[in-house]
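Notes for the structure review
Spelled out, the chains give:
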Amino acid sequence: MTGTEPQGASAPAQDQVRVWDVPVRVFHWSIVVLVTLSWASVENGYMKLHLWSGLTLLTLLLFRIAWGFVGSTTARFADFAQRPASALAYLRAMARGEHQPHAGHNPAGGWMVLLLLAVLLLQAATGLFSNDGVRFNGPLAALISSRLSDRLSSLHGTMFNFILLLVWMHVVAVLYYRFVRGENLIAAMISGRKPRDEISAQAALKFVPLRWALLCLVLAAGIVWWIAES
Ligand code: HEM
Ligand code: HEM
């Protein structure tokens, strides 16, 4: 689908409006699986699986960065990376009990999304240079000194705890919207749709065709393949 989508033109009976495209939704639920797999694999000593889940996650993160520039309206950084002042104003309005509808990420949630993407990227990047001190080296570990590789390995381990903290905050925020404010963001991240009254009246959303997402994905996979093979 291209061009500006008339809001709700194809909405089913309950007056739901399409807000998230397929690539963002597939990206989200895939990274949930891959973060879990990355943790479970290393905990059980399956380093090869850890490498593959990490490289797949890295591919998806590079894809998501590209999609943040060329993707559909709500996927774009320009849509949700707003000034800190906007995030604070949003939080203040929320504390006063005001309802500020947003089709995509709200200005405060946008910062959380950027932080999550950044630390996940750093996690995958440090993994490339890490070693387990026994028999497994990340694909780029040989490019640096073993001392630096050891330091990056310990950063890799420490940073995962920070990721866990962010993920908990993220899930608590989503549950707060669900049970306190009555907005089911989880359902929207699954179906891609939100009730019309939960999005801004002026929202004019553009959806970019899937073939562009596939192109971004192929490019991202190519970069990661090149890294892993070097
Ligand atoms: C490893 C765990 C998780 C990570 C790393 C994660 C990360 C993210 C990221 C990066 C986004 C932004 C998506 C994008 O714009 O591409 C996002 C959005 C979202 N996530 Fe998660 N997530 C995790 C788990 C969950 C879980 C368990 C739920 C449900 C309970 C959830 C619900 C959502 C929702 C509803 C949004 C959209 C928020 C909004 O409307 O602004 N996430 N998540
Ligand atoms: C890009 C591919 C990745 C590679 C090559 C890689 C490599 C490694 C290595 C070599 C270790 C052992 C470090 C040590 O024993 O000190 C490790 C540990 C670990 N990695 Fe990764 N990793 C990658 C991606 C990821 C990702 C994406 C996550 C999670 C989001 C993750 C989470 C962990 C955790 C939780 C540990 C255990 C840390 C500890 O026990 O202190 N890794 N990784």
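As a starting point, this report considers the structure included with it. (Residues numbered from 1 in each chain as written. Chains lettered and ligands numbered in written order. Predicted model: local features only at pLDDT ≥ 70, side-chain atom pairs only at ≥ 80, totals over all residues.)

**Details of the site of ligand 1**
- The local shell around ligand 1 holds 19 residues, among which Val35, His105, Gly109, Leu185 and Met189 are the closest.
- Residue assignment for the shell around ligand 1 shows that the elements contributing at least two residues are helix H1 (22–43), helix H5 (107–128), helix H6 (146–179) and helix H7 (185–191).
- Of all the elements, H1 adds the most residues to the shell around ligand 1, at six residues.
- Taken together, the residues that form the shell around ligand 1 break down as 14 nonpolar, four polar and one charged. (Near = placed C-beta within 6 Å. Helix = DSSP H or I, 4+ residues; strand = E, 2+ residues; numbered from the N terminus. Nonpolar A, V, L, I, M, F, W, Y, C, P; charged D, E, K, R; others polar.)

**A look at the packing of H1 against helix H2 (residues 47–70)**
- Packing of H1 against H2 leaves a shortest axis separation of 9 Å and a crossing angle of 155°. In this view, H1 runs roughly antiparallel relative to H2, as classed from their interaxial angle. You can see that H1 and H2 cross each other, and the crossing is left-handed. Contacts between H1 and H2 involve Pro23, Phe27, Ser30, Ile31, Leu34, Val35, Leu37, Ser38, Ser41 and Val42 from the former and Met47, Leu49, His50, Ser53, Gly54, Thr56, Leu57, Leu60, Phe63, Arg64 and Trp67 from the latter. (Axes fitted to C-alpha atoms, helices over the stretch in contact; angles between N-to-C directions. Parallel < 35°, antiparallel > 145°, perpendicular 65-115°, else oblique. Left-handed = near helix turned anticlockwise from the far one by under 90°. Contact = placed C-beta atoms within 7 Å.)

**Description of the site of ligand 2**
- Around ligand 2, the surrounding shell holds 25 residues, and the nearest of these are Ser38, Gly54, Gly127, Gly138 and Gly157.
- Within the residue set of the shell around ligand 2, elements represented by two or more residues are H1, H2, H5 and H6.
- At six residues, the largest contribution of residues to the shell around ligand 2 is made by H2.
- Tallied by class, residues from the shell around ligand 2 come to twelve nonpolar, twelve polar and one charged.

**Some details on the environment of asparagine 131**
- Note that asparagine 131 resides in the loop between H5 and H6.
- Asparagine 131 sits 95 residues away from tryptophan 226 along the chain, and the two C-alpha atoms are 20 Å apart.
- Setting aside anything within four residues of it in sequence, one finds asparagine 131 in contact with Phe136, Asn137, Gly138, Ala141, Ser149 and Ser153.

**Examining the nonpolar core**
- Within the largest apolar cluster, 30 residues are counted, with the highest numbers of intra-cluster contacts made by Val19, Leu57, Leu58, Leu61 and Phe63.
- Of all the elements in the fold, those that place two or more residues in this core are H1, H2, H5, H7 and helix H8 (210–229).
- The element best represented in this core is H2, accounting for nine residues.
- When sequence neighbours within four positions are dropped, the list of residues in contact with phenylalanine 63 reads Phe27, Cys216, Leu217 and Ala220. (Core = buried A, V, L, I, M, F, W, Y, C linked by C-beta atoms within 7 Å. Buried ≥ 20, exposed ≤ 12 C-beta atoms within 10 Å, placed from the backbone.)

What is shown is where atoms sit, not what they do.
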